[in-house]
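# An overview of the molecular structure
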Amino acid sequence: MDKSITLPPDEIFRNLENAKRFAIDIGGSLTKLAYYSTVQHKVAKVRSFDHTAKGDPLYEISMQEEVSARLHFIKFENAYIETCLDFIKDHLVNTDTKVIKATGGGAHKFKDLIEKKLKLRVDKEDEMTCLIKGCNFVLRNITHEAFVYAKHADSEFRFQNTHPDIFPYLLINIGSGVSIFKVESEDTFERVGGSSIGGGTFWGLGALLTKTKKFDELLQLASKGQHTNVDMLVKDIYGGSYGSLGLTGDLIASSFGKSATPDKEFSKEDMAKSLLHMISNDIGQLACLYARLHNLTRVYFGGFFIRGHPVTMHTITYSINFFTKGEVQALFLRHEGYLGTIGAFLKGAEEDNPNQYSWGENYAGSSGLMSTSPDLNPMQRARSGTFDMLEMDRLERQLVNLPLLQDPSSYIPDTVDLSEDALAREYWLYCFEEALDGVVKRAVASQPDLPEAAERAEKFRHKYQHKLQTLRHQPFAYGSLTVRSLLDTREHCLNEFNFPDPYSKIKQGENDMALKYFQKAVKSLGELSWEQRQFALVRGLLAGNVFDWGAKAVSELLNYSPFFSIERPWLVDAYDQWLERLKGPPHKCALFFVDNSGIDIILGVFPFVRELLCRGTEVVLASNSSPALNDVTNSELQILTERIAAMDLVIQSAVKEDRLTLVQSGSSSPCLDLSRLDKVLAGVVRERHVDLVIIEGMGRAIHTNYYAILSCESLKMAVIKNSWLADRLGGKLFSVVFKYEVPPGHKTTTLDHVPVTPS
């Protein structure tokens, strides 16, 4: 094998000059390397002016350098280990690291080479401890990490929601043999069983039977084989099924039972397939027995025997389904190959306590899950045989569930899974490809004083275009493919090339303009009767939400017609129920997830919030921690609230009395995942006894959370600004969704009283 390879540092070993805390996991054929780096990137900061001069903009925008933490994981064949170590040595500049944590069976074999090349002392860590630490880490931090494999389904990978409490679970590690671990907490686990019949058995017996020495080639043979030519089935013995014992005729009665037939030759493919079934069935039954013994339903499989191979995942899945009668699902992990090196890294970084932070997969720097099926995308399969990458960014905020989710374990943020809907997938991929030119232009325009912006924007285009092409062939690469994940991938790629907030100038201008009309809007609302005012407030929210530069249809509307009318009945219309509720006692506290800058937040949200405050309801405004499209960020909202408070006594007194609170959501997405919110926000929700949640906008209330069930009253409001989506929901472009939902068993009281009129 050619051991030379060109390694572009901007694609594979990224940011090595700032690397420290190395870890390595060396298996029989693959090496997994981990390191921590500090990444310098641009962020858009806003700072309020003191507004002494008339005509000054509301705030100034500046681009500043910020440093954040990133974890890098690279997987490659052992054949390249010397070349890779040389590359790391040549590019390692600013590290004070003296030790490299090592795990895996090959760590001893390559110890001298590593110490010689990198001048680092190899510190060996326990392999199984590292494996479990790594498993805990990915289950906690990577959404859609675990999946069920369904070979014959439209989407072969069915990703599972991460349960808020990942413990306890059973981990079946299939290496040379099988080890079975019961994991009860971050540091509590025990090996409860195992078997000497595992991956090494398949490889060894397979080599003897077929003369094929390579593991992957053996699996390829098995994928083409027909085990019934070698295995003896129930029907071969009884002529059909054995009904009284519940055994179907196609059930294997004896693995390799037909191989004793004299004067008969068996193909390599058939023998490999029979061997695979024999070992997978044995492991599956063993896993089933231990799951029942310990009363566990979450069973994860890992080890080199799995390695994302469809043929092994299918046979394991079939075996588990058979022995548990569908009560237990076989769960596999997207990043199964990285568990050991992640665990080894965490052991070396314990003084920094990485588990105190939340981490997020950086789609811009990660390869994603690649199918190794011989029938799927051979170009991608060839690439994954050389280098595979995972990058994770440390998030500024620790993320937790919204306490008001009725059942966090069954919560699914996204409305449509594009992995399972081919027509929807093709439509949205086309939409994002079509929008790419506009995004590039917007990015360049946001940095007019930087001549290299155009070059960076073209690099962004190439990167994101490549991601979209990958997702067309491998829609499961980053978990369930959704509109949210496509938007988040685009934001990751923009940030990668230092375009942190392409809409910053547009937002600034829209905010300045909308503020000029705020007092007039409040005065007009005050002149209406109570019932007229309630409808006007909702209509203002919906109309404000239309003005979204992120939607193509709205851009066209803004270019041709500044007027927009919203007439009932709406596509989803619960306004009458909401109005009746308003005739009752006020809510204790409302949590409002806000959307766009400009007209939306200033002329839509704030008048609505003002009315709630006048009713005696406290309000928490949750906005994005970082920019995404033209959504208002927390730092921008702080300045807007300050300006509005200066011109409105209701808002001013609410801020002073702490009845109006601004909190970061922890998100940097145009969509909303209620299972990954800022821990501070979750604390505020509990302290304030929030009993009403308001979610506004197409990204937060339609693409995500349309079906979310909360344990308190909720309002979901949006104007559908995409004709395809409107059609899917049974409406037309600019249809209105106004969902007022009350959880089952929740009682609201309606009182006939004259509501408070805002002053």
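As recorded by an unreviewed UniProt entry, the protein carries the name 4'-phosphopantetheine phosphatase and is attributed to Oncorhynchus kisutch. Word for word, the UniProt comment on the protein under Subcellular location (unreviewed entry) is "Cytoplasm". Here is the UniProt Subunit (unreviewed entry) comment for the protein, exactly as written: "Homodimer. Interacts with PKM."

### Here we look at the pairing of strand β8 (residues 169-174)
In terms of burial, β8 is a largely internal element, 6 of the 6 residues being buried. On β8, burial covers both faces: Tyr 169, Leu 171 and Asn 173 on one face and Leu 170, Ile 172 and Ile 174 on the other are all buried. In this sheet, strand β9 (residues 178-183) lies alongside β8 in antiparallel orientation, the contact comprising 6 bridges. What sits directly across from Ile 174, in β9, is Val 178. Between β8 and the antiparallel strand that follows it, β9, lie 3 residues.

### A few points about the sheet that holds strand β16 (residues 387-394)
Strand order in the open sheet made by the 7 strands is β5-β4-β1-β2-β3-β16-β15, with mixed pairing throughout. Edge positions in the sheet fall to β5 (121-124) and β15 (359-361), since each of these pairs with one other strand and no more. In this sheet, adjacent strand axes meet at a mean angle of 30° when their direction is disregarded. Strands β2 (30-48) and β3 (59-77) of the sheet are contacted by helix α21 (residues 634-647), whose axis makes an angle of about 20° with β2.

### Quick look at the confidence of the model for the protein
Close inspection of predicted coordinates is inappropriate for parts of the model with low pLDDT. Here the protein averages 89 in pLDDT, while 91% of its residues score no lower than 70. Confidence drops under a pLDDT of 50 for residues 553-564, and excluding neighbours within four residues, the segment shows 18 contacts in the predicted structure. Low pLDDT, under 50, characterises residues 750-759; the predicted model gives this stretch 20 contacts beyond four residues in sequence or across chains.

### Description of the environment of Tyr 478
Along the chain, Tyr 478 falls in the loop between α13 (453-473) and α14 (483-496). As for Tyr 478 and Ser 366, which are separated by 112 residues in sequence, their C-alpha atoms are 8.7 Å apart. Ignoring anything within four residues of it in the chain, the contact list for Tyr 478 reads Arg 334, Glu 361, Tyr 363, Ser 366, Ser 367, Gly 368, Lys 467 and Leu 471. Within polar-contact distance, the side chain of Tyr 478 engages the backbone oxygen of Tyr 363 at 3.4 Å. Here Ser 366 takes part through its backbone oxygen, which lies 2.6 Å from a polar atom of the side chain of Tyr 478.

Here is what the cut-offs are and how they apply
- Residues numbered from 1 in each chain as written.
- Predicted model: local features only at pLDDT ≥ 70, side-chain atom pairs only at ≥ 80, totals over all residues.
- Heavy atoms only, no water.
- UniProt positions renumbered as here; feature names shortened; annotations may be inferred.
- Buried < 20%, exposed > 50% of the residue type's maximum accessible area, 1.4 Å probe, protein only.
- Helix = DSSP H or I, 4+ residues; strand = E, 2+ residues; numbered from the N terminus.
- Pairing = 2+ DSSP bridges.
- Axes fitted to C-alpha atoms, helices over the stretch in contact; angles between N-to-C directions.
- Contact = heavy atoms within 4.5 Å.
- pLDDT = per-residue confidence, 0-100.
- Polar contact = N/O pair within 3.5 Å; in protein donor to acceptor, adjacent residues only side chain to side chain.

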